[in-house]
Amino acid sequence: MRVASMTFLPLSVAINMPLAAQHEHSRAADSSHMIGAADAAMSGPMSPAAMKHLELSPPRAATHADTVRAWEVVRQLRAALAKYADTAAAIADGYKMFAPQLKEQRVYHFTNNKNALLEAFRYDPEKPTSILYVRGPDGSLKLMGAMYTAPRRMRAGRLDGRVPLSIARWHKHVNWCLPPRSEKDRWLERRDGMPVFGPESPIVTRAECDDAGGNFYPNLFGWMIHANVFAGDDLGAIFSHEH
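The structure displayed is predicted, hence computed values, not measured ones.

Reading the values: rules and limits
- Residues numbered from 1 in each chain as written.
- Predicted model: local features only at pLDDT ≥ 70, side-chain atom pairs only at ≥ 80, totals over all residues.
- Heavy atoms only, no water.
- Helix = DSSP H or I, 4+ residues; strand = E, 2+ residues; numbered from the N terminus.
- Buried < 20%, exposed > 50% of the residue type's maximum accessible area, 1.4 Å probe, protein only.
- Contact = heavy atoms within 4.5 Å.
- Areas by Shrake-Rupley, 256 points an atom, 1.4 Å probe, with all protein chains shown as cover.
- Disulfide = S-S within 2.5 Å.
- Core = buried A, V, L, I, M, F, W, Y, C linked by side-chain atoms within 4.5 Å.

Quick word on the overall build of the protein chain
At step 1: Looking only at helices and strands, one finds nine helices and 10 strands in the protein chain.
At step 2: Looking at the protein chain as a whole, 53% of its 243 residues are labelled buried.
At step 3: Within the protein chain, residue pairs in contact and separated by at least 24 positions form 70% of the contacts whose partners lie at least 6 positions apart.
At step 4: Approximately 10,900 Å² of the protein chain is accessible, and the part contributed by carbon and sulfur atoms is 54%.

Shown next as C-alpha coordinates:
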(Lines give C-alpha, C1' and ligand atoms only; values in the text may rest on other atoms or scores of the structure.)
Protein backbone atom coordinates (compact mmCIF):
# COMPACT_ATOMS: atom_id res chain seq x y z
CA MET A 1 0.00 0.00 0.00
CA ARG A 2 1.22 3.49 -0.77
CA VAL A 3 1.99 5.73 2.18
CA ALA A 4 0.24 9.04 1.92
CA SER A 5 1.97 12.32 1.53
CA MET A 6 0.66 14.80 4.06
CA THR A 7 0.32 18.38 5.16
CA PHE A 8 -1.27 19.53 8.39
CA LEU A 9 -3.81 22.20 9.27
CA PRO A 10 -2.52 25.23 11.18
CA LEU A 11 -2.12 24.16 14.77
CA SER A 12 -3.72 27.37 15.97
CA VAL A 13 -6.88 25.90 14.45
CA ALA A 14 -6.16 22.34 15.53
CA ILE A 15 -5.83 23.05 19.22
CA ASN A 16 -9.27 24.64 19.32
CA MET A 17 -11.15 21.94 17.39
CA PRO A 18 -13.09 19.61 19.74
CA LEU A 19 -12.88 16.29 17.87
CA ALA A 20 -13.19 12.68 18.83
CA ALA A 21 -11.23 11.43 21.80
CA GLN A 22 -9.46 8.25 20.71
CA HIS A 23 -9.98 4.96 22.56
CA GLU A 24 -9.65 4.18 26.23
CA HIS A 25 -9.96 7.79 27.38
CA SER A 26 -6.36 8.75 26.59
CA ARG A 27 -4.68 10.91 29.21
CA ALA A 28 -2.65 12.76 26.59
CA ALA A 29 -3.10 16.54 26.71
CA ASP A 30 -5.79 17.81 24.35
CA SER A 31 -6.06 14.46 22.52
CA SER A 32 -9.78 15.00 22.03
CA HIS A 33 -8.99 18.25 20.24
CA MET A 34 -6.24 16.98 17.98
CA ILE A 35 -7.11 13.57 16.58
CA GLY A 36 -9.05 15.18 13.77
CA ALA A 37 -6.45 17.88 13.26
CA ALA A 38 -3.74 15.27 12.82
CA ASP A 39 -5.70 13.09 10.47
CA ALA A 40 -8.17 15.32 8.65
CA ALA A 41 -5.45 17.32 6.97
CA MET A 42 -3.47 14.41 5.53
CA SER A 43 -3.13 15.28 1.88
CA GLY A 44 -0.40 16.92 -0.15
CA PRO A 45 3.38 16.86 0.27
CA MET A 46 4.66 15.41 3.52
CA SER A 47 7.74 16.88 5.15
CA PRO A 48 10.57 14.61 6.36
CA ALA A 49 9.88 15.86 9.89
CA ALA A 50 6.20 14.90 9.67
CA MET A 51 7.07 11.39 8.46
CA LYS A 52 8.95 10.83 11.72
CA HIS A 53 5.67 11.20 13.59
CA LEU A 54 3.96 8.37 11.70
CA GLU A 55 4.00 4.67 12.58
CA LEU A 56 2.53 2.06 10.23
CA SER A 57 1.27 -1.40 11.06
CA PRO A 58 3.77 -4.13 10.09
CA PRO A 59 3.66 -5.18 6.43
CA ARG A 60 2.62 -8.67 5.40
CA ALA A 61 3.04 -10.63 2.20
CA ALA A 62 -0.10 -10.49 0.08
CA THR A 63 -2.04 -13.65 -0.67
CA HIS A 64 -4.98 -14.41 -2.92
CA ALA A 65 -7.09 -15.09 0.15
CA ASP A 66 -6.25 -11.61 1.49
CA THR A 67 -7.36 -10.02 -1.77
CA VAL A 68 -10.65 -11.91 -1.71
CA ARG A 69 -11.23 -10.94 1.91
CA ALA A 70 -10.34 -7.30 1.24
CA TRP A 71 -12.94 -7.10 -1.53
CA GLU A 72 -15.50 -8.58 0.82
CA VAL A 73 -14.63 -5.83 3.31
CA VAL A 74 -15.09 -3.23 0.58
CA ARG A 75 -18.50 -4.61 -0.38
CA GLN A 76 -19.54 -4.66 3.27
CA LEU A 77 -18.41 -1.10 3.89
CA ARG A 78 -20.02 0.23 0.71
CA ALA A 79 -23.34 -1.23 1.81
CA ALA A 80 -22.95 0.13 5.35
CA LEU A 81 -21.90 3.64 4.32
CA ALA A 82 -24.16 4.27 1.32
CA LYS A 83 -26.78 5.89 3.56
CA TYR A 84 -24.35 8.75 4.18
CA ALA A 85 -24.28 9.92 0.55
CA ASP A 86 -26.10 13.00 1.85
CA THR A 87 -24.21 14.78 4.64
CA ALA A 88 -27.56 15.47 6.30
CA ALA A 89 -27.80 11.76 7.12
CA ALA A 90 -24.38 11.86 8.78
CA ILE A 91 -25.34 14.92 10.81
CA ALA A 92 -28.59 13.26 11.86
CA ASP A 93 -26.53 10.31 13.16
CA GLY A 94 -24.35 12.53 15.33
CA TYR A 95 -21.46 13.29 12.99
CA LYS A 96 -20.05 16.82 12.96
CA MET A 97 -17.79 18.41 10.34
CA PHE A 98 -14.22 19.01 11.43
CA ALA A 99 -13.11 22.66 11.02
CA PRO A 100 -16.19 23.90 9.12
CA GLN A 101 -14.64 27.37 8.86
CA LEU A 102 -11.96 25.94 6.54
CA LYS A 103 -13.70 25.98 3.17
CA GLU A 104 -10.97 24.45 1.00
CA GLN A 105 -10.23 21.11 2.66
CA ARG A 106 -9.33 18.32 0.26
CA VAL A 107 -11.02 15.78 2.51
CA TYR A 108 -13.77 16.64 4.97
CA HIS A 109 -14.07 14.56 8.13
CA PHE A 110 -17.48 14.28 9.78
CA THR A 111 -16.66 12.76 13.16
CA ASN A 112 -18.80 11.08 15.79
CA ASN A 113 -17.22 11.39 19.25
CA LYS A 114 -19.25 8.52 20.72
CA ASN A 115 -18.24 6.15 17.94
CA ALA A 116 -14.59 7.09 18.42
CA LEU A 117 -14.77 5.97 22.04
CA LEU A 118 -16.72 2.80 21.27
CA GLU A 119 -14.12 1.76 18.68
CA ALA A 120 -11.98 0.78 21.65
CA PHE A 121 -14.38 -2.07 22.37
CA ARG A 122 -15.89 -3.08 19.05
CA TYR A 123 -15.63 -2.81 15.28
CA ASP A 124 -18.88 -1.87 13.55
CA PRO A 125 -18.72 -1.11 9.80
CA GLU A 126 -21.90 0.95 10.13
CA LYS A 127 -20.47 3.19 12.88
CA PRO A 128 -17.03 4.49 11.87
CA THR A 129 -15.23 7.22 13.75
CA SER A 130 -15.43 9.58 10.75
CA ILE A 131 -17.26 9.78 7.44
CA LEU A 132 -15.04 11.13 4.64
CA TYR A 133 -16.20 13.47 1.87
CA VAL A 134 -14.55 15.35 -0.99
CA ARG A 135 -15.76 18.48 -2.74
CA GLY A 136 -17.28 17.65 -6.13
CA PRO A 137 -17.05 19.78 -9.30
CA ASP A 138 -20.49 21.19 -8.55
CA GLY A 139 -19.40 22.28 -5.08
CA SER A 140 -21.32 19.60 -3.20
CA LEU A 141 -19.70 17.11 -0.82
CA LYS A 142 -19.34 13.62 -2.28
CA LEU A 143 -19.07 10.55 -0.07
CA MET A 144 -15.63 8.91 -0.33
CA GLY A 145 -15.52 6.49 2.58
CA ALA A 146 -14.79 6.40 6.29
CA MET A 147 -12.06 6.38 8.90
CA TYR A 148 -12.03 3.58 11.47
CA THR A 149 -9.96 3.56 14.65
CA ALA A 150 -8.64 1.00 17.11
CA PRO A 151 -6.82 1.07 20.48
CA ARG A 152 -3.12 1.79 20.22
CA ARG A 153 -2.26 -1.49 21.98
CA MET A 154 -4.30 -3.66 19.62
CA ARG A 155 -2.14 -6.46 18.24
CA ALA A 156 -1.43 -6.77 14.53
CA GLY A 157 -3.40 -10.01 14.34
CA ARG A 158 -6.58 -8.27 15.48
CA LEU A 159 -6.02 -5.37 13.07
CA ASP A 160 -5.55 -7.94 10.32
CA GLY A 161 -8.88 -9.45 11.34
CA ARG A 162 -10.59 -6.19 10.43
CA VAL A 163 -8.75 -5.53 7.16
CA PRO A 164 -5.90 -7.68 5.75
CA LEU A 165 -2.63 -5.97 6.61
CA SER A 166 -1.10 -7.08 3.33
CA ILE A 167 -3.68 -4.87 1.59
CA ALA A 168 -4.16 -2.02 4.06
CA ARG A 169 -1.80 -0.66 6.70
CA TRP A 170 -3.10 1.15 9.75
CA HIS A 171 -1.23 4.20 11.06
CA LYS A 172 -0.55 5.93 14.37
CA HIS A 173 0.64 9.44 15.20
CA VAL A 174 3.69 9.16 17.46
CA ASN A 175 6.40 11.17 19.25
CA TRP A 176 4.65 14.52 19.57
CA CYS A 177 6.03 17.42 21.57
CA LEU A 178 3.25 19.72 22.75
CA PRO A 179 3.30 23.00 24.66
CA PRO A 180 1.94 22.91 28.21
CA ARG A 181 -1.81 23.41 28.40
CA SER A 182 -1.29 26.77 30.11
CA GLU A 183 0.88 27.98 27.20
CA LYS A 184 -1.34 27.45 24.15
CA ASP A 185 0.00 30.66 22.63
CA ARG A 186 3.22 28.70 21.96
CA TRP A 187 1.54 26.50 19.33
CA LEU A 188 2.80 28.79 16.56
CA GLU A 189 6.33 28.99 17.94
CA ARG A 190 9.05 28.28 15.37
CA ARG A 191 12.77 27.58 15.59
CA ASP A 192 15.12 27.62 12.60
CA GLY A 193 12.09 27.97 10.35
CA MET A 194 10.40 24.82 11.71
CA PRO A 195 7.45 24.40 14.10
CA VAL A 196 8.62 23.64 17.63
CA PHE A 197 5.47 21.72 18.51
CA GLY A 198 3.05 19.32 16.84
CA PRO A 199 3.07 16.89 13.90
CA GLU A 200 5.56 18.83 11.74
CA SER A 201 8.09 19.50 14.47
CA PRO A 202 11.56 17.95 14.00
CA ILE A 203 11.50 17.10 17.73
CA VAL A 204 11.02 13.34 18.18
CA THR A 205 12.59 12.57 21.56
CA ARG A 206 11.66 13.35 25.15
CA ALA A 207 15.04 15.03 25.77
CA GLU A 208 14.57 17.40 22.85
CA CYS A 209 11.04 18.16 23.98
CA ASP A 210 12.20 18.85 27.53
CA ASP A 211 14.77 21.29 26.18
CA ALA A 212 11.99 23.10 24.31
CA GLY A 213 9.89 23.33 27.46
CA GLY A 214 7.19 21.05 26.11
CA ASN A 215 5.41 17.85 27.10
CA PHE A 216 6.35 14.67 25.21
CA TYR A 217 3.80 12.04 24.17
CA PRO A 218 5.11 8.83 22.52
CA ASN A 219 1.62 8.00 21.24
CA LEU A 220 -1.24 10.47 21.40
CA PHE A 221 -3.91 8.42 19.67
CA GLY A 222 -4.52 4.87 18.54
CA TRP A 223 -4.56 3.06 15.21
CA MET A 224 -6.46 4.63 12.31
CA ILE A 225 -7.30 3.51 8.81
CA HIS A 226 -9.01 5.17 5.86
CA ALA A 227 -11.34 3.07 3.73
CA ASN A 228 -11.98 5.16 0.61
CA VAL A 229 -14.50 2.62 -0.68
CA PHE A 230 -16.17 5.02 -3.11
CA ALA A 231 -12.87 6.14 -4.64
CA GLY A 232 -12.91 3.51 -7.39
CA ASP A 233 -12.20 -0.18 -7.84
CA ASP A 234 -8.48 -0.35 -7.11
CA LEU A 235 -7.64 -1.78 -3.68
CA GLY A 236 -4.47 0.28 -3.55
CA ALA A 237 -6.46 3.49 -3.90
CA ILE A 238 -9.26 2.36 -1.60
CA PHE A 239 -6.95 1.58 1.31
CA SER A 240 -4.21 4.07 0.53
CA HIS A 241 -3.66 6.68 3.19
CA GLU A 242 -3.32 9.09 0.28
CA HIS A 243 -6.72 10.73 -0.17
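Continuing now.
Looking at the state of the cysteines
At step 1: According to the stated counting rule, one finds one disulfide in the structure shown.
At step 2: Two residues, C177 and C209, share a disulfide whose sulfurs are 2.1 Å apart. Its S-S torsion of about 80° marks the bond between C177 and C209 as right-handed, since a negative value means left-handed. Linking C177 in strand β6 (residues 171–178) with C209 in helix α8 (residues 206–211), this pair joins segments that are 32 residues apart in sequence.
At step 3: Residue class for C209 comes out buried when judged on its relative accessible area of 0%.

Some details on the nonpolar core
Nonpolar side chains in soluble globular proteins tend to be buried together.
At step 1: Counting residues in each nonpolar core, the largest one holds 31 residues, and the members touching the most others are L81, Y84, I131, Y133, Y148, W170 and F239.
At step 2: Counting 18 residues, the second largest nonpolar core, distinct from the first, contains V196, F216, Y217 and F221.

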